[in-house]
Every structure is written in structure tokens, then in C-alpha cells.
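Chain by chain, the residues:
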Amino acid sequence: MNYENLFSQNLETNLKGRYITLNDIEPLLLKFNSDNQVQIIGTSVLGKPIYKYELGTGNTRVLMWSQMHGNESTTTKALFDFLNLLNSNSELANKLLNEFTFCCLPMLNPDGALLYTRENANNIDLNRDAQNLSQPESKLLRTTFDTFEPDYCYNLHDQRTIYGVGSEIIKPATVSFLAPAYNENRGINKVRTKAIKVIVAMNKILQDFIPNQVGRFDDTFNINCVGDTFQYLNVPTILIEAGHFQEDYERELTRKFVFIALVEGLKKINENDIVSKEIEDYMNIPHNKICFYDFIYKNIKISYDNNKIITNFALQFKEELIDKQLFFNVYTAAIGNLEGFSGHFEFDVEEALYEDLELNIPKIDQKAAFSLGNSIKFVNGVIEN
Ligand SMILES: [Zn+2]
């Protein structure tokens, strides 16, 4: 299968960048709604509609939800690329629709999406509300789970740029997976094995596109998380975290890798093969670890109180919503030796003097505006010409 072609044929060009709200997806859902396949299942805290899109006639029932964390939009983009594929009337589309029935909730947290926050409008993390079901959005997901009776669940998220994989050579964790545990012992039963099998297939294909950039999330059991609860309720659940690819802060490449993983995983679900090796393959996917900053400047010189020191400092983007536009603003995140950390951008400034408009010492959480040496000026973390 030529996945590059498949992706470009089905790319949803109306969804771009990181700030994806209900306004962006409603026209697309309307276009799909030829025969009442798209329904409003309820409303968010602030009264925004939450949509469900069901399609396919197959025996294997798959429930997918995205943007339960409002600022995690990459998998929403990938989900719409995938929905375009399912609506393409191609041989592959018809095969998938014959084999599966899909139930998609493409934006579970529309209030958080609009505010560009992880939490919903009551400041509740919906992915810690699986037992309390205190929020309307959590209740709707659970009701959909109970009535649709899925054979598989796909829990779709984004992760921050801080995650990496590898030991000697550290790469960004562009896509990470988890087959959540179903109990404290983190045992592997038949249900969890089914999720693992899908993840192994996804990882295998992704290694062709992003070698050594796939991670595996920590599987500490937390029954308050939706994936853990669904796995505990005996439905194989796959967590997908879309992460950073080199220089792709808009995550337009990562969406492609998620799309590829979705298609390949589904192709493998109903294949009967031996699974013992797959548990081993799953365990061999390297752990995600926190080991990246967006920018690292090495060997800066700081001069204060007649002392001079040579040190390093790191900056991290914060995504800030200002007047309905998303900005990537850079703040100081760490100062010091920074061992064990890499930068997505790294500069050795060879003892150039750090100066800013205040004390000439980098301060944690200070917005980055400084100069290094006589000639280099940094605005928002990058060299200004
Ligand atoms: Zn998330």
C-alpha cells in the first residue's frame, strides 16, 4: 500500500494547524451527513453540541473519540482524513466499511477546544473523570460506550514536545501508544492482548516512516482514566498520542503518521495470527521519557555582581490563544547543566554574553527576549536578522 498517496488523496485541507474548534469541523460533518449518520448526542458544559458519526455495516465495532482534551487537535485532523478515506468509495474504503462499524466522536470537548485548554469549561480533566462521571461530556462518552458496545476503543490524544525516545540517540516521540492496564498488577489478559496486537501493527508500519520515533507510554493503572476503565470493562482500548516531529510544530506531518497508523491497525485487527511474539514486540517499543526542550542554548556567559559564569539554558514554547489566534511564545524553562536533555533546536553560542532588558540573568518563566554577544538577538527564541 502506498500510504503517502493514500494520505494525500484523503487529506482534509480545511483542517490546518493546532487550533481546531467546532466551527472548523461542523461544515465537514454536515457534508458527511447524507442520511442522518451524524447526530448530536448531547451538549457540553457551555451548551455546545457533541457530535457522533456512525458509518459502516461490519461486525467489528470500533469507537473512536478525539479532543477530549481541547487543545489536542492533531488526532482530530487525522480522524477527518480517515473519514474522508471511508467516504472515498475506494476498494479499501468499502472493505473497511464491510468489516467494521465505526462510531466517531470527533470533538468530545468543544468548550476546551474553543478555549484551547486541556480541561472542559468546569476545569475538569475529562480523562480523570471516568469513574466520577461528573461532567456532561464524560457521561456522553460513557453512554455512547454502553449503547454502541464496541469491540475496540481508540482514545485519541496529543502529547507535548518534551517527550522523546531512545537511549544513546534521543529522538522526538512523534507517535506514542499505550494499551492501558486493566488492573493494578498491569497484567496482560486476552482483552489487553488484542489492543497490543493493533499497536504492534501500527508501530511496525510507522518504523518505515519515522524510525525510532515511536514510544510506549507508562502503564501505571488509573481507573479514573477512560482507557483504563474501558480496558477494565473488557473492551480492548488503544491510546494514541500524536507528538512532535522535527520542525513540525503545526503537526501536519504527525497527522499523516496517525492516519497511517489508524489504517494499518484496522487492516490487521481481524487477521488471525499468533500473538505470543506480539507481546514481546510491544514491550520492545521504547518507553516515552521527558527529555526535550524546544530550544537549548549551550555555553552562554552570564555576568552578574562582578562574576561571570558559563552555563546553558533552555526555552519552551507555550501555546497562547490571543484574540482567537494561537501564538507559540517562548519562555525560559531551565538554566544549568541540562544533562539528559536535548533541544529540538540547539545552539552552541561559544560563551557569548547573555543580555536582556532586566537583570541580564535568565529567569524561569520569563518570556524570551534577549541578546547573545554583540551581533545575535533572539526574539521568541529564534535569531532575529
Ligand atoms: Zn490528552
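Residues numbered from 1 in each chain as written. Predicted model: local features only at pLDDT ≥ 70, side-chain atom pairs only at ≥ 80, totals over all residues. Heavy atoms only, no water.

Moving on: the overall build of the protein. Scanning the protein for helices and strands turns up 10 helices and 18 strands. Whereas a compact globule of 385 residues would reach a radius of gyration of roughly 21 Å, the protein reaches 22 Å, a difference of no more than 12%. Taking the principal axes of the C-alpha coordinates as reference, the protein spans close to 75 × 45 × 45 Å. Taking the intrachain contacts of the protein between residues at least 6 apart in sequence as the baseline, contacts between residues at least 24 apart amount to 75%. Counting 36 positive and 51 negative side-chain charges, the protein places the centres of these two groups 2 Å from one another. (Helix = DSSP H or I, 4+ residues; strand = E, 2+ residues; numbered from the N terminus. Rg over C-alpha atoms; globule rule 2.2 N^0.38 Å. Contact = heavy atoms within 4.5 Å. Lys, Arg positive; Asp, Glu negative; His and termini not counted. Charge placed at Lys NZ, Arg CZ, Asp CG, Glu CD.)

Structurally, Gly243 can be placed in the loop between strand E10 (237-242) and helix H9 (254-269). Relative accessible area serves as the criterion here: at 0%, Gly243 is assigned to the buried category. As a C-alpha pair, Gly243 and Gln213 span 30 residues in sequence and 9.5 Å in three-dimensional space. Contact partners of Gly243, with chain neighbours within four places excluded, come to Gln159, Ala173, Thr174, Val175, Arg251 and Thr254. (Buried < 20%, exposed > 50% of the residue type's maximum accessible area, 1.4 Å probe, protein only.)

A few words now on the coordination of the zinc ion. Metal coordination angles in their ideal form are 109.5 degrees for the four-donor tetrahedron and 90 or 180 degrees for the six-donor octahedron. Around the zinc ion, the protein contributes the donor atoms His69 (ND1), Glu72 (OE), Glu72 (OE) and His157 (ND1), which lie 2.0 to 2.7 Å from the metal centre. Motif for the zinc ion, donor spacing along one chain: H-x2-E-x84-H. For the pair His69 and Glu72, one class covers both residues: buried. (Donors = N, O, S within 2.8 Å, 3.2 Å for Na, K, Ca; no water.)

To continue, consider the nonpolar core. Counting 68 residues, the largest nonpolar core has Met64, Phe82, Phe102, Tyr154, Leu206, Ile240 and Leu266 as the members making the most contacts within it. Once you skip the residues sitting within four places of it in the chain, Leu206 turns out to touch Val175, Phe177, Pro211, Val214, Phe257, Ile260 and Ala261. Core analysis: the second largest hydrophobic core is formed by 20 residues, Ile302, Phe328, Tyr354 and Phe370 among them. (Core = buried A, V, L, I, M, F, W, Y, C linked by side-chain atoms within 4.5 Å.)

Relative to strand E16 (residues 369-372), strand E15 (residues 342-356) runs antiparallel, the two being bridged by 3 bridges. Bridging across to E16, Tyr354 finds its partner in Leu372. Both E16 and strand E17 (residues 376-379) contribute to a ladder of 4 bridges, which runs antiparallel. Among the inter-strand pairings, Leu372 is bridged to a residue of E17, identified as Ile376. In this antiparallel pair of consecutive strands, E16 and E17, the connection spans 3 residues, and Gly373 shows a positive phi of 70°. (Pairing = 2+ DSSP bridges.)

A separate point is unusual backbone geometry. Backbone geometry places Asn299, a non-glycine residue, at a positive phi of 60°. Residue position: Asn299 is located in strand E12 (residues 292-304). Assessed through its relative accessible area of 29%, Asn299 is described here as partly exposed. Unusually for a residue other than glycine, Lys324 sits at a positive phi of about 60°. Tracing the sequence through the fold places Lys324 in the loop between strand E13 (307-322) and strand E14 (325-336).

Right, let's get into the sheet that holds strand E8 (residues 175-178). Overall, mixed pairing links the 8 strands, which are arranged E1-E2-E4-E3-E5-E10-E8-E9 in an open sheet. Sheet topology places strand E1 (38-43) and strand E9 (214-216) at the edges, where each strand pairs with a single neighbour. Within this sheet the neighbouring strands show an average axis-to-axis angle of 20°, counted without direction. With 6 bridges connecting them, strand E5 (residues 152-158) and E10 associate as parallel partners. Note on E10: the bridge partner recorded for His157 is Glu241. The strands touched by helix H4 (residues 91-99) are strand E2 (49-55), strand E3 (60-66) and strand E4 (100-105); relative to E4, the strand with the most contacts, the crossing angle is about 90°. (Axes fitted to C-alpha atoms, helices over the stretch in contact; angles between N-to-C directions.)

So, about the pattern of salt bridges. A complete count under the given rule lists 20 salt bridges for this structure. A salt bridge links Glu12 to Lys31; its shortest N-O distance comes to 3.6 Å. In this pair, Glu12 sits in the loop between helix H1 (3-10) and helix H2 (22-32) while Lys31 sits in helix H2, placing the two residues 19 residues apart along the sequence. The exposure class assigned to Glu12 is buried, which follows from its relative accessible area of 3%. A salt bridge links Arg118 to Glu72, with the shortest nitrogen-to-oxygen separation between them at 3.5 Å. Pair noted here: Arg118 is in the loop between helix H5 (110-115) and helix H6 (136-148) and Glu72 is in the loop between E3 and helix H3 (74-86), with a separation of 46 residues, a long-range link. For Arg118, a relative accessible area of 28% gives the class partly exposed. Connected through shared salt-bridge partners, Lys77, Asp81, Glu252 and Arg255 make up one network. (Salt bridge = Lys/Arg side-chain N within 4 Å of Asp/Glu carboxyl O.)

A word on the side chain of Thr311. If you trace the backbone, Thr311 turns up in strand E13. Look at Thr311 and you get buried, because its relative accessible area is 11%. Apart from residues no more than four positions distant in its own chain, Thr311 is found in contact with Tyr297, Lys298, Asn299, Ile300, Ile302, Ile335 and Gly336.

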